[in-house]
Every structure is written in structure tokens, then in C-alpha cells.
Amino acid sequence: TFRRLAEKALAALAPWFPAMSAPWTRHAAFPGGDLRGEPFDQFADFHVQRDSPWLPADVRRALARRHGALVYEVLGESAKLSDLGEHFGVELYAREIDYFVEREWARTADDVLWRRTKAGLHLSSSQRAAVARYIERRVS
């Protein structure tokens, strides 16, 4: 939907930008969207599980759902669950928040809890406050 809306908006602007190229995003994969040509379940439950067998299934699937093939960038050199850092609740760990801050320009708890993960739906107010404190330390 967003892709079509963006292309429609750019088409409306085309008269003012004659050098603009034709739409090209229809068949382009979004960042992380290239799952080796496989369905999500196969990617998450075979490839990611094979490559990171130490990762609990719920965390593995949540990370793969949020990041697709970029899950490997989120995990980095992690080799055990404790390498993901502080656990804030549900499937949210410090390592993923660090990724959001460093690579996706997240600057507030709302950026992480509501716009990128929806984890805020499942965390208590004290857990959400802990995420906010963590992010404040990271971005200041």
C-alpha cells in the first residue's frame, strides 16, 4: 500500500521533475525482504534456526518477522542468548534496540515499542520505562 501511494505521489510530481525515472519499486524487495526465495516459515525455522540454534524459537521468529534477512545483522556476532544483552520482556533485547538506534535512527522508546516492534502492547509500564531509560542512555 505504501509503495503504491508513494509511486502515485511521485507521478503527481513528475511534471516538475522531468528527469525523474519511471517507477521501479514494484518488484524490488524491501530491506530484509530477500528470503532466499523461500517462504517466511522456511527462512525462520530452517535457516535462522540452523545458523543460530541457541536462539529460542519465539525470539528467532520475532526477529525474523521484524527484520527478515537482516536478522543476521541484528544478531551480529552473538553466539548465545546472553550476547543479546538486557532482556526487556517478550522478545525484546538490548541488541535489537541497539540495532534500531544505530541503523534505523530510533531515538525514543516510542520508536522502538510502537513503530518498529509493537512490543509496547505486551510490556508492563515498568518494562516500557526501562526501555525508555536504556534508549536515553544510548542516544545522549
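Above this text is the structure in question.
Model, not experiment: these values are computed from the prediction. (Residues numbered from 1 in each chain as written. Predicted model: local features only at pLDDT ≥ 70, side-chain atom pairs only at ≥ 80, totals over all residues. Heavy atoms only, no water.)

**Here's the deal with the overall build of the protein chain**
- A count of helical and extended segments in the protein chain gives 7 helices and 2 strands.
- The helix and strand sequence of the protein chain, counted from the amino end, reads α-α-α-α-β-β-α-α-α.
- Along the first, second and third principal axes, the C-alpha atoms of the protein chain reach 55 × 35 × 25 Å.
- For the protein chain, the proportion of its 140 residues judged to be buried stands at 32%.
- The contacts of the protein chain with a sequence gap of at least 6 include a subset with a gap of at least 24, amounting to 46%.
- Here the protein chain has roughly 9000 Å² of accessible surface; of this, 57% comes from carbon and sulfur atoms. (Helix = DSSP H or I, 4+ residues; strand = E, 2+ residues; numbered from the N terminus. Buried < 20%, exposed > 50% of the residue type's maximum accessible area, 1.4 Å probe, protein only. Contact = heavy atoms within 4.5 Å. Areas by Shrake-Rupley, 256 points an atom, 1.4 Å probe, with all protein chains shown as cover.)

**Observations concerning the side chain of serine 78**
- For serine 78, the position within the fold is in the loop between helix 4 (71–75) and strand 1 (87–89).
- Of the polar contacts made by the side chain of serine 78, one reaches the backbone oxygen of leucine 75; its length is 2.6 Å.
- Apart from the residues lying within four places of it in its own chain, the contact partners of serine 78 are Trp54, Asp83, Leu84 and Arg95. (Polar contact = N/O pair within 3.5 Å; in protein donor to acceptor, adjacent residues only side chain to side chain.)

**Examining the packing of helix 6 (residues 109–116) against helix 7 (residues 125–139)**
- Contact geometry of helix 6 with helix 7 gives a least axis separation of 8 Å together with a crossing angle of 125°. By the angle class used here, helix 6 and helix 7 are oblique. Along the contact surface, helix 6 presents Ala109, Val112, Leu113 and Trp114, while helix 7 presents Arg128, Val131, Ala132 and Ile135.
- Among the residues making up the contact of helix 6 with helix 7, the classes are represented as 7 nonpolar, no polar and 1 charged. (Axes fitted to C-alpha atoms, helices over the stretch in contact; angles between N-to-C directions. Parallel < 35°, antiparallel > 145°, perpendicular 65-115°, else oblique. Nonpolar A, V, L, I, M, F, W, Y, C, P; charged D, E, K, R; others polar.)

**Considerations on unusual backbone geometry**
- The phi dihedral of valine 90 falls on the positive side, at around 40°, and the residue is not glycine.
- Mapped onto the secondary structure, valine 90 falls in the loop between strand 1 and strand 2 (92–93).
- Judged by its relative accessible area of 33%, valine 90 is partly exposed.

**Structural notes on the packing of helix 2 (residues 40–51) against helix 3 (residues 57–67)**
- Where helix 2 contacts helix 3, the axes come no closer than 10 Å and their chain directions differ by 125°. One element, helix 2, and the other, helix 3, form an angle in the oblique class. Helix-helix and strand crossings are classified by hand; for helix 2 and helix 3 the assignment is right-handed. Contacts between helix 2 and helix 3 involve Phe40, Asp41, Phe43, Ala44, Asp45, Val48 and Gln49 from the first element and Arg60, Arg61, Ala64 and Arg65 from the second.
- Residue classes in the contact of helix 2 with helix 3 are distributed as 5 nonpolar, 1 polar and 5 charged. (Left-handed = near helix turned anticlockwise from the far one by under 90°.)

**Some details on helix 3**
- Turning to helix 3, its buried residues number three or more, namely Val59, Arg60, Ala62, Leu63, Ala64 and His67.
- Two residues or fewer past helix 3, glycine 68 is found with a positive phi of approximately 55°.

**Describing helix 2**
- Helix length check: helix 2, at 12 residues, gives a terminal C-alpha distance of 15 Å against a target of 16 Å (1.5 Å per residue), a fit within 8%.
- Buried residues belonging to helix 2 abut helix 3 and helix 4. (Expected span 1.5 Å × (residues − 1).)

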